[in-house]
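Residues per chain are reported as follows:
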Amino acid sequence: MIVNNSKTLLSVEGLRASINGTEILKGIDLTVKSGEIHAIMGLNGSGKSTLAKVLAGHSAYEITGGTIRFEDKDLLGLAPEERARSGLFLAFQYPIEIPGVANTQFLRLAYNTIQAQRGKEELDPLEFDDFVREKMKLLDMNPDFLDRSVNEGFSGGEKKRNEILQMALLEPKLSILDEMDSGLDIDALKTVANGVNQITNKDNATILVTHYQRLLDYVVPDFVHIMQSGSIVMTGGKELALELETRGYDWVTANKQSIAGAIA
Amino acid sequence: MSETVATDYLDCLLKSWSTKSNQPLSWLNQLRASAIDYVSTQRLPTKRDEEWRFTDISALARLSFQSAQSNTDLQAQDIKHLHLKEAKNSLVFVDGHYSAELSTIIDSATLKIGNLSEFLLTHAAILESHFGQYAKFDNSVFAALNTAFLRDCALIIVPKNIVIAEPVHLLFIATQSEVTSCPRCLIIGEPGSNVTFVEDYVSLREAAYVTNSVTEISLSANAHARHIRIQRESTQAYHLANCAVSLAHGSNYQSVSISLGAQISRYNLDIQLIDEAAECTIDGLALISDNQLADTHTCIDHIKPNGTSRQQHKCIVNDKAHAVFNGKIIVRPHAQQTNSSQSSRNLLLSKAAQVDTKPQLEIFADDVKCAHGATVGQLDQEEIFYLESRGLSEAAARGLLTYAFGAEIINRIPVSSLRQQLEQTVLNQTQDNKL
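## Regarding the packing of helix α1 (residues 8–17) of chain B against helix α5 (residues 141–148) of chain B
Each packed pair of helices is defined by two parameters, the angle between the axes and the distance between the axes. All names here are of chain B. Axis separation between α1 and α5 bottoms out at 11 Å; the angle between their running directions is 20°. With respect to α5, the axis of α1 lies roughly parallel. In the crossing of α1 with α5, the sense of the turn from one axis to the other is left-handed. Taking contact as the criterion, the partners of Y9, L10, L13 and W17 in α1 are, on α5, V141, L145 and A148.

## Digging into the interface of chain B and chain A
Listed per partner, the contact involves 20 residues of chain B and 30 residues of chain A. The largest share of the area that chain B buries against chain A comes from F385, Y386 and R390 of chain B, three residues that together contribute 39% of it. Taken together, chain B and chain A are joined by one salt bridge. The closest approach of N and O atoms between R390 of chain B and E163 of chain A, which form a salt bridge, is 2.7 Å. Counting across the chain B and chain A interface gives seven residue pairs in polar contact (both at pLDDT 80 or more). Looking at the side of chain B that touches chain A residue by residue, the classes come out as nine nonpolar, five polar and six charged.

## What about unusual backbone geometry?
Look at N151 of chain A: it is not a glycine, yet its phi comes out positive at around 60°. Tracing the backbone shows N151 of chain A in the loop between β8 (149–150) and α5 (156–170). For N151 of chain A, a relative accessible area of 0% corresponds to the buried category. Even without a glycine there, the phi angle at N222 of chain B is positive, about 60°. Note that N222 of chain B resides in the loop between β10 (210–219) and β11 (224–232).

## Some thoughts on the sheet that holds strand β13 (residues 252–259) of chain B
Residues and elements named next belong to chain B. Pairing within the open sheet is mixed, and its ten strands lie in the order β3-β2-β6-β9-β11-β13-β15-β17-β19-β21. In this open sheet, the two strands that pair with only one neighbour each are β3 (97–104) and β21 (369–377). Sheet twist, expressed as the mean angle between neighbouring strand axes with direction ignored, is 10°. Pairing geometry for β13 and strand β15 (residues 279–288), over eight bridges, is parallel. When the bridges of β15 are listed, Y253 appears paired with C280. Each of β13, β15, β17 (308–317) and β19 (339–348) is contacted by helix α7 (residues 394–410), which is oriented at about 150° to β17, the strand it contacts most. Where helix α8 (residues 416–431) meets the sheet, it contacts β9 (194–203), β11, β13 and β15, and its direction lies at approximately 35° from that of β11.

## Side note on the nonpolar core
Counting residues in hydrophobic clusters, the biggest one holds 112 residues, and the most contacted among them are L10, I164 and I207 of chain A together with I258, L387, I413 and L418 of chain B. A per-element tally of this core places α7 of chain B first, with nine residues. Structurally, this core is a two-domain feature, drawing no fewer than three residues from each of domain 1 (8–275) and domain 2 (379–435) of chain B. Other than its neighbours up to four places away in sequence, I413 of chain B contacts I228, I230, V256, I258, L418, R419 and L422 of chain B. If you look at the next biggest cluster of nonpolar residues, it comprises 46 residues, including F65, F142, L150 and L186 of chain B.

Parameters and conventions
Residues numbered from 1 in each chain as written. Chains lettered and ligands numbered in written order. Predicted model: local features only at pLDDT ≥ 70, side-chain atom pairs only at ≥ 80, totals over all residues. Heavy atoms only, no water. Axes fitted to C-alpha atoms, helices over the stretch in contact; angles between N-to-C directions. Helix = DSSP H or I, 4+ residues; strand = E, 2+ residues; numbered from the N terminus. Parallel < 35°, antiparallel > 145°, perpendicular 65-115°, else oblique. Left-handed = near helix turned anticlockwise from the far one by under 90°. Contact = heavy atoms within 4.5 Å. Buried area = accessible area lost by both parts, 1.4 Å probe. Salt bridge = Lys/Arg side-chain N within 4 Å of Asp/Glu carboxyl O. Polar contact = N/O pair within 3.5 Å; in protein donor to acceptor, adjacent residues only side chain to side chain. Nonpolar A, V, L, I, M, F, W, Y, C, P; charged D, E, K, R; others polar. Buried < 20%, exposed > 50% of the residue type's maximum accessible area, 1.4 Å probe, protein only. Pairing = 2+ DSSP bridges. Core = buried A, V, L, I, M, F, W, Y, C linked by side-chain atoms within 4.5 Å. Domains from an automatic or database assignment.

Put into structure tokens, the structure is as follows:
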């Protein structure tokens, strides 16, 4: 939701990033205020997943220009774990599997790490069990997933639910959900979207990174940005996603060229 | 191995042999005598022997470690911390010698369990038909030495259709320096029986000594056994071990072996699926650091059709340590419909750490499914990033992933107190690693 006079959570200016000498992000500007939901759409290779990873601090990318501010902090000066502790969360497109570590152990470790940082009380295994089971109801998740190894043998949908469960537990200020809808059937998509909708409120913000419009039927964005070749080439309201759905990404290319032509 | 090079280590043991008292049974004396004859024609293996090319035990040749005498000083309270609370029955051996005082036998009505000497006369025929039949000593000088010095032996006979719910603990404690002990185990699972046992090698202090063990396991039709083997010797010790398993029709053998201790350890596990539809699951973990060397050689021999084997071996190697895995799988011409998989995964935690891994498949049947794979590497950067993005520091992320790598094997141990002990050991070893 767009809230009047809400504070700016994320401010990206002129962000450039490359990997192995190849520039992927070529000057990104993006401002996200609390309460807002932003969708970043684009084809494969447009740089949208890179933007998500760069925001979370993936070390494989070299930042070659621009700034990122998160609240009052210079995000580029923070390690990934410091960003997480400051309230930034990335739900992975492909969450990793950790055979040998029970999901509940992992979830509690992450939860207590963040709690300690906030100066809040950590939970022992029993207290955490009650707490996490309550949160799992949001996502219609079977409690059996607590005792299984982290993501091991989880289906695509179960992995995504586990990501959103972490979002629910860690209560980040800014969540970046990378391809939340990939690999989900329509029922799983609705469940996951419903979970996200229950977590979002006027004090936090969400960035949805997605290829397709269908997720946006269930988590309705306030802003839609279209990325191409490492830049945001169009920004609009939720109707932009629908237009893109009807006209396809070719329309963006043509449109961008016509705009460029008009300026020239 | 035709050439004979006398060494101090073998010489010293050979000399002490003649003074040993004989067993009351002639077949056993014969077995011991032929074993010592074999030893007298042998030398210690060197890196020139194919089976020992990665494992240099030349330092052993220079040690004159006599056969260990019994140590009767040990009190129950000294070893209280080593007991497993789930185990009702435990056999305790001190430097290879059976200690009736320290052992606890509850199930003697349902289970034949105890030291060899108690069964020699009453069960002579059974013992003769199994003893030395699986762990043959004609290609292993260490199995031969163990047989030659055979005196005490942990014996478990699980009668037909008897299910033993609680694990049996076979505890081998090293207390003396500069000695050789020769622990021995024989486990006989009669048809339809089911047993879990823990073969546990520990040391009460850091000392240099040699443990040279032999374990023989025979499972009759439809028998089940779960074998947990923990090697937590002193880090100055040599641990040389042979285990031979024979699996009859429809029998099922599950093994989890964990190597943590010893300066140099070598574990040979030989499994023969001698009849149809036998199954085995073999999991192994070596977790070593400093200058330790842990060598595991396994051979799974599918002789008859419809057998199944699944093997996963993992090594976590830190500092300058060196892990070796050689996993041979044989599928003989008649062993059609064999289903076999093997995975060797290795984690190197330092630049100087070393792993040699060698899957060795010898498949002579055409209608079989055999999968194998080996990986050697460091922790995955994407996995570390995932954990960092959840607030964990890089060190905590590395520690957790290393722990998880080992815990995957430890989690398969069906004895919870032992699992917890080992999880703690792995946690301690992985959280303070220097990375």
